Amino acid sequence: MTSISSRRLRKELSEIQTEGCPTGITLLSADNFETWYFSIEILGESLYQGEVFKLMFRFDPSYPISAPAVQFVVNQESTAPVHPHVYSNGHICASILGTEWSPVLSVSAVCVTLQSMLASCKSKERPVDNDRYVRYAPDNPKKTRFHYDDDTV
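Residues numbered from 1 in each chain as written. Predicted model: local features only at pLDDT ≥ 70, side-chain atom pairs only at ≥ 80, totals over all residues. Heavy atoms only, no water.

Peer 1: I would appreciate a short explanation of the nonpolar core in the present structure.
Peer 2: For soluble globular proteins, nonpolar side chains are generally found buried alongside one another. Of all hydrophobic cores here, the largest spans 33 residues; its most connected members are Trp36, Phe38, Leu55, Phe57, Phe72 and Ile92. Going through the elements one at a time, α1 (3-19), β2 (35-41), β3 (52-58), β4 (69-72) and α2 (107-119) are the ones with two or more residues in this core. Ranked by residues supplied to this core, first place goes to α2 with 6 residues. (Core = buried A, V, L, I, M, F, W, Y, C linked by side-chain atoms within 4.5 Å. Buried < 20%, exposed > 50% of the residue type's maximum accessible area, 1.4 Å probe, protein only. Helix = DSSP H or I, 4+ residues; strand = E, 2+ residues; numbered from the N terminus.)

Okay, here's the thing in C-alpha cells:
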C-alpha cells in the first residue's frame with residue numbers, strides 16, 4: 001500500500017482509538033490497512049431502531065483519493081438492512097461512495113452518513129432491481145456504476 005494511504009489510515013485509526021467512534025458505531029476490527037469492520041446501530045425512533053449491522057471497508061492503494069469499497073456484511077451472523085439503497089448482498093447505492101466521494105471524508109464520516117441514511121428511511125424495501133443486480137453483481141461494489149437518482153428515502 002502506498003505511503004499516503006498508509007499514513008492516512010494510520011491517522012484515522014489513531015483518532016478512533018484515542019477519541020472513540022461516534023455514538024452507535026463501534027470499530028470491530030482493523031488488523032491491517034486493507035480491511036476494517038464496524039458495527040453500526042441505528043439510534044432513536046426509526047424503522048431500524050435498535051438494529052445493529054456490520055460494515056466492511058476495503059481500502060485500495062489510492063485511498064483517500066479514491067473511495068473505499070464499503071458494504072454491509074452478509075453471512076450467517078449478519079444481514080444487510082432492508083432499505084431502498086441497500087441490496088441484499090450488502091452493496092450500497094450511495095453517491096458518497098461513488099461520484100460524490102471526497103478525500104476529506106473519513107471512515108467515521110462514512111459510517112455516520114450510512115447511519116443517518118438508515119435512520120431517515122421511510123420504508124423498509126429492497127431496491128426495485130435487487131434480484132437482477134445481486135445475480136450479476138461483482139464482488140467489489142466499486143466496480144458497479146450506480147445511477148444516483150433518489151436521495152429522499
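Peer 1: Explain the sheet that holds strand β1 (residues 25-29) here, please?
Peer 2: Within a beta sheet, neighbouring strands are joined by backbone hydrogen bonds and run either parallel or antiparallel to one another. Pairing within the open sheet is antiparallel, and its 4 strands lie in the order β1-β2-β3-β4. Single-partner strands in this sheet number two, and they are β1 and β4. For this sheet, the mean angle separating the axes of adjacent strands, direction not counted, is 25 degrees. Inspection of the sheet shows β2 paired to β3 by 7 bridges, in the antiparallel sense. In the sheet register, Thr35 faces β3, and the bridge partner there is Arg58. Packing of α2 onto the sheet brings it into contact with β1, β2, β3 and β4, and relative to β2 it is tilted by some 35 degrees. (Pairing = 2+ DSSP bridges. Axes fitted to C-alpha atoms, helices over the stretch in contact; angles between N-to-C directions. Contact = heavy atoms within 4.5 Å.)

Peer 1: How should the pairing of β3 be read in this particular structure?
Peer 2: Consecutive side chains of a regular strand alternate in pointing toward one face of the sheet and then the other. Both β3 and β4 contribute to a ladder of 4 bridges, which runs antiparallel. Bridging across to β4, Met56 finds its partner in Gln71.

Peer 1: What's the story with the pattern of salt bridges in this structure? I'm lost.
Peer 2: When the charged atoms of two side chains with opposite charge come close together, those side chains can pair. Scanning the entire structure with this criterion turns up 4 salt bridges. A salt bridge links Arg8 to Glu12, with the nearest nitrogen and oxygen atoms 2.7 Å apart. Residue Arg8 and its partner Glu12 are both found in helix α1; the two are separated by 4 residues, about one turn of the helix. Taking the relative accessible area as the measure of exposure, Arg8 reaches 17% and is therefore buried. Two residues, Lys11 and Glu15, come together in a salt bridge whose shortest N-O distance is 3.1 Å. You can see Lys11 and its partner Glu15 sitting in helix α1, 4 residues apart, about one turn around the helix. Residue classification places Glu15 among the partly exposed positions, given a relative accessible area of 33%. (Salt bridge = Lys/Arg side-chain N within 4 Å of Asp/Glu carboxyl O.)

This is a description of form; function is not addressed.
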